[in-house]
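So the chains spell out like this:
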Amino acid sequence: MVKPIKPNLSIKLGALDLKNPVMVASGTFGYAQEFKDFMDLKKLGALVTKTITVKPRQGNIAPRTCETPAGMLNSIGLENPGVERFLQEKLPFLRKLNIPVIVSIAAEEAAEEFVDLAQQLDQLPEVSAIELNISCPNLDKSRLISQDADNTLEVISAVRKVTTKCLIAKLSPNVTSIVDIALAAQNAGADALALINTLGGMSIDVHKRIPKLGSWVGGLSGPAIRPVAIKMVWEVYNKIKIPIIGMGGIIDLDSALEFFIAGSTAISVGTANFINPKTSLEIISGLEQYMTEHNIQNLNNITGRLKACKD
Amino acid sequence: MVKPIKPNLSIKLGALDLKNPVMVASGTFGYAQEFKDFMDLKKLGALVTKTITVKPRQGNIAPRTCETPAGMLNSIGLENPGVERFLQEKLPFLRKLNIPVIVSIAAEEAAEEFVDLAQQLDQLPEVSAIELNISCPNLDKSRLISQDADNTLEVISAVRKVTTKCLIAKLSPNVTSIVDIALAAQNAGADALALINTLGGMSIDVHKRIPKLGSWVGGLSGPAIRPVAIKMVWEVYNKIKIPIIGMGGIIDLDSALEFFIAGSTAISVGTANFINPKTSLEIISGLEQYMTEHNIQNLNNITGRLKACKD
Amino acid sequence: MSIGQLQAKIISNQKLAGHYGHLEFDSALIAQQATPGQFINIRVSDAVEPLLRRPLSIHNVQGSKVKIIYKIIGQGTQMLSAKQPGEFLDIIGPLGNGFAYQNLVQSKKAKSVLIAGGMGVAPLVFLAEKLKSSQPLVLIGAKTKNEILCLQEFKRLNCKLALATEDGSLGFKGRVTDLLKTILEKTYPEVIFSCGPQAMLKAVASLALKNGIDTQLSLEEHMACGLGACLGCVVLTKNGYKTVCKDGPVFAGGELIW
Amino acid sequence: MSIGQLQAKIISNQKLAGHYGHLEFDSALIAQQATPGQFINIRVSDAVEPLLRRPLSIHNVQGSKVKIIYKIIGQGTQMLSAKQPGEFLDIIGPLGNGFAYQNLVQSKKAKSVLIAGGMGVAPLVFLAEKLKSSQPLVLIGAKTKNEILCLQEFKRLNCKLALATEDGSLGFKGRVTDLLKTILEKTYPEVIFSCGPQAMLKAVASLALKNGIDTQLSLEEHMACGLGACLGCVVLTKNGYKTVCKDGPVFAGGELIW
Ligand SMILES: Cc1cc2nc3c(=O)[nH]c(=O)nc-3n(C[C@H](O)[C@H](O)[C@H](O)COP(=O)(O)OP(=O)(O)OC[C@H]3O[C@@H](n4cnc5c(N)ncnc54)[C@H](O)[C@@H]3O)c2cc1C
Ligand SMILES: Cc1cc2nc3c(=O)[nH]c(=O)nc-3n(C[C@H](O)[C@H](O)[C@H](O)COP(=O)(O)OP(=O)(O)OC[C@H]3O[C@@H](n4cnc5c(N)ncnc54)[C@H](O)[C@@H]3O)c2cc1C
Ligand SMILES: Cc1cc2nc3c(=O)[nH]c(=O)nc-3n(C[C@H](O)[C@H](O)[C@H](O)COP(=O)(O)O)c2cc1C
Ligand SMILES: Cc1cc2nc3c(=O)[nH]c(=O)nc-3n(C[C@H](O)[C@H](O)[C@H](O)COP(=O)(O)O)c2cc1C
Ligand code: FES
Ligand code: FES
């Protein structure tokens, strides 16, 4: 038997090259510093920051998280130091890691804030890509940007005008047709899609008769939502051309593979970072081993490669 | 201490009286016969049949179910004997139970089928209510009726014209705004809402690289979706006047109470029937005990009684 | 005959060689009613992981004792293997329609062949016991030697045995269905009873068809309710879809559309 | 000081009276670095139920041994109580900022009061050990007698002890904070260290404030990451929201906004 060649894990998101397709999801990895003591951050394919806004945000009242069957709810409310302090206090550490840093941004009031933030970040070489969080369920808005195709098109188009960096649109699963939104994002010039943000959810303490979250409703994440995410990735994959960053309940190599096979070019580990912070690194090494064993040279031999039926 | 009075578990859905608020969900209890050997069916508040169509339906190809984290996917595809054989072969047994029988109906092609079916059922005294399944994810349609407020209004209005029976609209959670759909159903004259049907989902066997369901995508049910269902019940409860039948991951008294507190007048046990067929009966007795202990006389002292915040 | 949901006390639960286990529990209701080919549906965890019950064939009964044998392949069977004697198992059963064998019970001469692939031996020991007066011929196939199970049990029932392993480590080298082919050149059974992987059952069915022999095949499908209520576990037959859990798990080979 | 994620071997895991347990594991990394008031985050199951880790205070350390005591209140602590010696626990720690006590270590006269409510004794034994030269006064309160924990351990450290039970079954009848009130009429400590239910901590804080005494309070919040990454476990302070897991769990009472 011939010695198998080392597999190539690198992928492309628009103009951005990643040495491997495994990243950590916004809001679940802080600003990386919190994890430095016990894992080699340099191995990550990329890192997405907690979502940043123009002004500092206090976030929502406690409790902000609760456990649900095979999942969790959160209502952090985009607590963040604001872009200025982010650049001063958080970015320097990230720069030193020498891995692609994807900065997630959101608008509190006006969509212009996206443009403002994108303009500032566009200047910075240490920022590899910008992720537009148009899907955070924890802003007390009646409707999210990514719950409306026109708004999605509008906002992304506006940002597209002010930056040449890789632009990622993060979409909400709380829609009637994820494909409509995905198409709007693609038409607006997004380089990639991040699927999915959390599902709207709520949980009640029946003994106290109070919501378990201080702000009543929040976002559901974890293994519980994986089937929902897989379906959306698969449906979108069949209708669009830009790459998909798949996420939603990834906890190990098999669940990561599920996302690749469903059509993801890259994957993102979220809630699992809380349970086993090394999940992303284990997926990277597991993926390399898997590709070697099955003699798979490139990830595009896995992405979207779902067999028609069992035989 | 005064001896507590026996609590009153009865509720009303439109003109329909139920001796208790616990029913079994469509498609998860067959036609009841399958459970007669080991539980006292007469204790159920009501019973919802598997969805019936005008013509017999073969249903989807196997496999039709798979397990997911704290949930399951199904793609049964509304297999049923058709209304004629249902009336001949299934209804007689149900009649003998002397409990309210709610017949779930769906249309395969044209919305008129709903009217046709409703007209036939309207004649029958042994049918207590009609549930319109306008939310089955397992018909290969691009969009479900209950994913569009206008279609929802139209279909329910048409059925409302031909029957005076209690009319229940079962809604899909796969929408941008469940409240919009719920309002349309109320305006169309529905007597109650059933929330929620399954969430669209998909799961892949990564070793075989095939979908775990023969028809690729299906509906997610079980504890995993409970937070999604609770949020929708709560949101709808605050915007409409007609009663809500809450369901989605109910497995015991506590999860049932969660639905009542969120705003349900009645609850429905689905997937749990597969795990512990006695779940519904245990909830009924548990509920009675709970109300006695807490000296709660009527269920409307629980329904929607969420405290503003913890103190 | 009536189905029960019961808390059955575990009498013993032993690990067998490899990833196999052997569990005995006490249930008069199931033991008295069970027929070969029927199964039970076990709740292995009272949490929500794993969510669904696990279907397992009734391997044998003795007085009020019911035996099952299982292969550890995932979380559910893993948890099952960890159960201790004295613990109680939440079981629903007996379920489904077993093998149609009654017409053979009295017969003194071998009229039947039993063919097991891998774990397929599970329901066939119970059947062999019922048929022992006619000394049925039992064929067991597996990938390799140590996946051939229940040899001793079949011997105790003095069945005639023929074995096949794909690696030739025991008995005939090759598929058990190839072994069957050679056997059918000499003997001419009335019925073939079989349980095992779908591919094998399919091969058995077509072989039998060629030779005009009836088959009784025990199928497996993913199950949710196990009661015929969810319509989840269907197989396609000449009379449309049928449920493996209620109409089956045993079907006449001629009825199935592969 | 660095946080580790490690597989720690369980040395012992004993059930105490009532719904309590006492677990010892081996971890030089944690034992050597841990300070009183810090905690660890334990993964009690490698399945997805329960999903999140469980935070538990470091009760004491001895050589490379780390002790925790826990109350069984739900699925996670239930599973923890079932762990066997020899098994390995996936632990992240030591986590958070403990009590600020260094300035008292050398002191020979009692300058501090430790107040525990219920399980609040957990981190205070470790603290009492560090402060033993100054023989701190330890107040323990609970609903009833058998919820008063760790008496012997505090005695071994020859702390002065004062107990309060709401039903009067042991010591002062009433709230431990009422007991504190009477005590503050006589003694005048520099610092009050406390751990227990939020309502109690709040009462302690306001009492101390009235008497111009500093407080070091160990708080609890629902946690997801335990690392300061998710911003889930916040409490409101005069400097905005702070994380219990990283900025705390110990806060100066004066800093908190109740
Ligand atoms: C009627 C019937 C009788 C059976 N008898 C036996 C027996 O006697 N001994 C034995 O070892 N096994 C038997 N099986 C197979 C057994 O049910 C599965 O091996 C078991 O459910 C695996 O569960 P798991 O959690 O360990 O594996 P997992 O792969 O983790 O299970 C995941 C899901 O797939 C389902 N599943 C996996 N394999 C099968 C299968 N082959 N058939 C149906 N569902 C499956 C499980 O029930 C579960 O819902 C029988 C199956 C059926 C349908
Ligand atoms: C910093 C810190 C130190 C702690 N030290 C100890 C200790 O030494 N001994 C001890 O017995 N308990 C301690 N607790 C409380 C302990 O974490 C909970 O009792 C435990 O998580 C309950 O888990 P469960 O699954 O058994 O209960 P469940 O109620 O089923 O847990 C459900 C969810 O709520 C969370 N939760 C429940 N109670 C608490 C609580 N009081 N604080 C935070 N989260 C909670 C759980 O972590 C879980 O996510 C500590 C908590 C914190 C935050
Ligand atoms: C505690 C928490 C905080 C999150 N914060 C953000 C955020 O700030 N911005 C964002 O785009 N997504 C945020 N998310 C969503 C995740 O990035 C991810 O899309 C989602 O959790 C699904 O993946 P998972 O199931 O692997 O966690 C957050 C998720 C969690 C659990
Ligand atoms: C196997 C299966 C079949 C179902 N069939 C139907 C159906 O025919 N009609 C319908 O309205 N809902 C059907 N449902 C949805 C349930 O009635 C219920 O709305 C959903 O499962 C959520 O509740 P649960 O989480 O308690 O199962 C089905 C669900 C399952 C699991
Ligand atoms: S498993 Fe439900 S019908 Fe067979
Ligand atoms: S638990 Fe995540 S920040 Fe404290």
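The structure we're discussing is the one just above.
Residues numbered from 1 in each chain as written. Chains lettered and ligands numbered in written order. Predicted model: local features only at pLDDT ≥ 70, side-chain atom pairs only at ≥ 80, totals over all residues. Heavy atoms only, no water.

**Digging into the overall build of chain C**
Within chain C one finds seven helices and 16 strands. Against the globule reference of 18 Å for 258 residues, chain C gives a C-alpha radius of gyration of 18 Å, in line with a compact fold. Oriented by its inertia axes, the alpha-carbon framework of chain C measures out at about 50 × 40 × 35 Å. Looking at chain C as a whole, 59% of its 258 residues are labelled buried. If you take every contact in chain C between residues at least 6 apart in sequence, the share linking residues at least 24 apart comes to 62%. For chain C, the accessible area works out to roughly 10600 Å², and carbon and sulfur atoms hold 52% of it. Of the side chains in chain C, 28 bear a positive and 19 a negative charge, and the two mean positions are spaced by 5 Å. (Helix = DSSP H or I, 4+ residues; strand = E, 2+ residues; numbered from the N terminus. Rg over C-alpha atoms; globule rule 2.2 N^0.38 Å. Buried < 20%, exposed > 50% of the residue type's maximum accessible area, 1.4 Å probe, protein only. Contact = heavy atoms within 4.5 Å. Areas by Shrake-Rupley, 256 points an atom, 1.4 Å probe, with all protein chains shown as cover. Lys, Arg positive; Asp, Glu negative; His and termini not counted. Charge placed at Lys NZ, Arg CZ, Asp CG, Glu CD.)

**Quick look at helix α5 (residues 226-237) of chain A**
Residue and element names in this part refer to chain A. For α5, spanning twelve residues, the distance from its first C-alpha to its last is 16 Å, which sits close to the expected 16 Å at 1.5 Å a residue. Within α5, ten of the twelve residues are buried, which leaves it mostly tucked inside the rest of the structure. By the burial criterion, the buried members of α5 are R226, P227, V228, A229, I230, K231, M232, V233, W234 and V236. (Expected span 1.5 Å × (residues − 1).)

**Quick look at the pairing of strand β14 (residues 217-221) of chain B**
Residue and element names in this part refer to chain B. With four of five residues buried, β14 is to be regarded as a mostly interior element. Pairing between strand β11 (residues 199-202) and β14: four bridges, direction antiparallel. In the strand pairing of β14, L199 is matched with L220. (Pairing = 2+ DSSP bridges.)

**What about the side chain of K231 of chain B?**
With respect to the helices, strands and loops of the structure, K231 of chain B is situated in helix α5 (residues 226-237). Under the relative-accessibility criterion, K231 of chain B is labelled buried at 18%. Those residues within four positions of K231 of chain B in sequence are excluded, and the remaining contacts are G200, G201, M202 and V217 of chain A.

**Here's the deal with the site of ligand 4**
Residues and elements named next belong to chain B. Neighbouring ligand 4 are 21 residues, the closest being S26, T51, K170, G249 and T271. In this structure, I196 approaches ligand 4 through a main-chain N or O atom, which is 2.9 Å from an oxygen atom. One nitrogen or oxygen atom from the main chain of G249 is found 2.7 Å from an oxygen atom belonging to ligand 4. Within the complex, the protein chains bury 98% of what would otherwise be the 610 Å² of accessible surface of ligand 4. Its residues assigned to classes, the shell around ligand 4 shows five nonpolar, 14 polar and two charged. (Near = heavy atom within 4 Å. Polar contact = N/O pair within 3.5 Å; in protein donor to acceptor, adjacent residues only side chain to side chain. Nonpolar A, V, L, I, M, F, W, Y, C, P; charged D, E, K, R; others polar.)

**Focus on the packing of aromatic side chains**
The geometry of an aromatic ring pair comes down to the distance between the two centres and the angle between the two planes. In total, this model carries twelve aromatic pairs over all chains according to the counting rule given. Seen in terms of ring centroids, F29 of chain B and F35 of chain B are 3.9 Å apart; in terms of plane orientation they differ by 10 degrees. Their pairing is stacked. Exposure remark for F29 of chain B: the relative accessible area of 0% places this residue in the buried category. Relative to F38 of chain B, the ring of F35 of chain B lies with its centre 6.3 Å away and its plane at 55 degrees, an arrangement referred to as tilted. Summarising the burial analysis for this pair, F35 of chain B and F38 of chain B share the class buried. An aromatic cluster is present here, built from F29, F35 and F38 of chain A joined pairwise through their rings. (Phe/Tyr/Trp six-rings, centres within 6.5 Å; stacked < 30°, edge-to-face > 60°.)

**Remarks on the relation of the copies chain B and chain A**
Between the two copies of the chain lies a relationship made up of a rotation around an axis and a movement along it. Between the two copies, chain B and chain A, the superposition gives an RMSD of 0.0 Å; the rotation angle is 180 degrees and the shift along the axis is 0.0 Å. Between the two chains, the operation in question is that of a two-fold axis. (Least-squares fit on C-alpha atoms with pLDDT ≥ 70 in both.)

**Focus on the sheet that holds strand β14 (residues 217-221) of chain A**
Pairing is antiparallel in the open sheet, where four strands are placed in the order β5-β6-β14-β11 (chain A). Looking at which strands have only one partner, the edges of the open sheet turn out to be β5 (65-68) and β11 (199-202) of chain A. Averaged over all pairs of adjacent strands, the angle between their axes in this sheet comes to 40 degrees, without regard to strand direction. Pairing geometry for strand β6 (residues 71-74) of chain A and β14 of chain A, over three bridges, is antiparallel. When the sheet's bridge partners are listed, L73 of chain A is paired in β14 of chain A with L220 of chain A. Running over the sheet, α5 of chain B touches β5, β6, β11 and β14 of chain A and is turned about 75 degrees from β11 of chain A. (Axes fitted to C-alpha atoms, helices over the stretch in contact; angles between N-to-C directions.)

**Some thoughts on the site of ligand 3**
All names here are of chain A. Taken together, 21 residues lie near ligand 3, and S26, T51, K170, G249 and T271 sit nearest. Contacts to ligand 3 include T51, whose side-chain N or O atom sits 2.7 Å from a nitrogen atom. A distance of 3.2 Å is found between a nitrogen atom of ligand 3 and a side-chain nitrogen or oxygen belonging to N133. Across the complex, the protein chains shield 98% of the 600 Å² of accessible surface that ligand 3 would expose by itself. For the shell around ligand 3, a count of residues per class yields five nonpolar, 14 polar and two charged.

**Remarks on the interface of chain B and chain A**
If you look at the interface, chain B gives 50 residues, while chain A gives 50 residues. Taken together, the two surfaces of chain B and chain A that pack against each other cover about 4200 Å², and 65% of this comes from carbon and sulfur. Seen at the junction of chain B and chain A, the total is two salt bridges. Between D180 of chain A and R143 of chain B there is a salt bridge, with the nearest N and O atoms lying 3.7 Å from each other. Taken together, the elements giving at least two residues each to the side of chain B that touches chain A come down to β11, β13 (210-211), β14, α5 and α6 (253-262) of chain B. (Buried area = accessible area lost by both parts, 1.4 Å probe. Salt bridge = Lys/Arg side-chain N within 4 Å of Asp/Glu carboxyl O.)

**A look at the sheet that holds strand β13 (residues 214-218) of chain C**
Strands in a sheet are paired, the pairing made by backbone hydrogen bonds, and the direction either parallel or antiparallel. Residue and element names in this part refer to chain C. The seven strands are arranged β11-β10-β9-β8-β12-β13-β16 in an open sheet whose pairing can be described as mixed. Two strands bound the open sheet, and with one partner strand each, they are β11 (172-173) and β16 (250-252). Across six bridges, the pairing between strand β9 (residues 137-142) and strand β10 (residues 160-165) is parallel. Each bridged residue has a counterpart across the sheet, and for V138 the counterpart in β10 is L161.

**Quick word on helix α3 (residues 149-162) of chain A**
Residues and elements named next belong to chain A. For α3, built from 14 residues, the straight-helix expectation of 20 Å at 1.5 Å per residue is met to within 8% by its first-to-last C-alpha distance of 21 Å. Three or more residues of α3 are buried, namely T152, V155, I156 and V159. Buried residues of α3, viewed axially, fall in a sector of 90 degrees; they line one side. In this structure, α3 carries D150, E154 and K161 as exposed residues pointing more than 90 degrees from its buried face. If you follow the buried residues of α3, they end up packed against α2 (112-122), β8 (129-133), β9 (166-170) and α4 (178-187). (Arc of directions from axis to C-beta.)

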